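# Coordinates in review
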Amino acid sequence: DFCYLAEKNIVPLSRLHILPGTGIGDPSCYDKTIIHQSDRIFDNSNLTVAYIGRLSVEKGFYRLVAALSYLKSVHPLRKFNFLLVSPLDDLSKVDSQIRLLLGSIPYSTHPYIDDPSIYYAQTDILVVPSLYREGLSRVCLEASVLGIPIVGFRNRGITPLVLQGVTGCLTNSVSVYALAQSISN
């Protein structure tokens, strides 16, 4: 990404450019009909936790599911919903596994679509628990533009996009409990 290339002096600054269509310059990010998180009333008693990405080990999906299950066991009266947006192929392969893993946690699954603003409008917290050296995260950029807090693990491509304690919460530990604590906070 831009910062990494500039900080490491891999490419001269004069040769670096931000590409259009990477989320920041996308006109849909500034559409007046999109509900910005700051315009919503924040209801801490019934949160919608969203995950947008591939359902894979390296993306941290199973750690997120374990963290949500743990939160439900520790706070049985706290209500939250899980919004899962992923490629259709991934959803069809693991739907029955998700039901078993999530137990009594209400969840909904949705395939990727061209305009994800409908999913962001429902989201209170975006969780990005990627375990590998993520590139610049478009999902994090879009959520940030909309004022949605981001929770996840510290990661090269995600850390620069989150102002700790202000726009989200990232943990140094990749444990299920650390992720659960970050979501809870």
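Residues numbered from 1 in each chain as written. Predicted model: local features only at pLDDT ≥ 70, side-chain atom pairs only at ≥ 80, totals over all residues. Heavy atoms only, no water.

## Details of the pairing of strand β6 (residues 168-171)
Covered by surrounding structure in β6 are G168 and L170 together with C169 and T171, the residues of both alternating faces. Of the pairings in the sheet, the one linking strand β5 (residues 150-153) to β6 comprises four bridges and is parallel in character. For I150, the partnering residue across the bridge sits in β6 and is G168. (Buried < 20%, exposed > 50% of the residue type's maximum accessible area, 1.4 Å probe, protein only. Helix = DSSP H or I, 4+ residues; strand = E, 2+ residues; numbered from the N terminus. Pairing = 2+ DSSP bridges.)

## A word on the nonpolar core
By size, the foremost hydrophobic cluster in this structure holds 25 residues, and its most contacted members are F82 and I183. Elements represented by at least two residues in this core include exactly β1 (46-52), α2 (61-74), β2 (79-86), α3 (88-102), β4 (125-128), β5 and α6 (176-184). Broken down by element, this core gets its largest block of residues, six residues, from α2. Excluding residues within four positions of it along the chain, I183 makes contact with V49, L64, A67, L68, L71, I125, V127 and V151. Formed by 19 residues, the second largest nonpolar core is a distinct cluster that contains I158, L161, V162 and L170. (Core = buried A, V, L, I, M, F, W, Y, C linked by side-chain atoms within 4.5 Å. Contact = heavy atoms within 4.5 Å.)

## Here's the deal with the confidence of the model for the chain
Any segment with low pLDDT has predicted coordinates that should not be analysed in fine detail. Per-residue pLDDT for the chain has a mean of 77; in total, 74% of the residues score no lower than 70. No element of the chain has a lower mean pLDDT than helix α1 (residues 2-7), at 54, and none a higher one than β4, at 94. Throughout residues 18-42 the model reports pLDDT below 50, and contacts reaching past four residues in sequence, or to other chains, amount to 34 contacts. (pLDDT = per-residue confidence, 0-100.)

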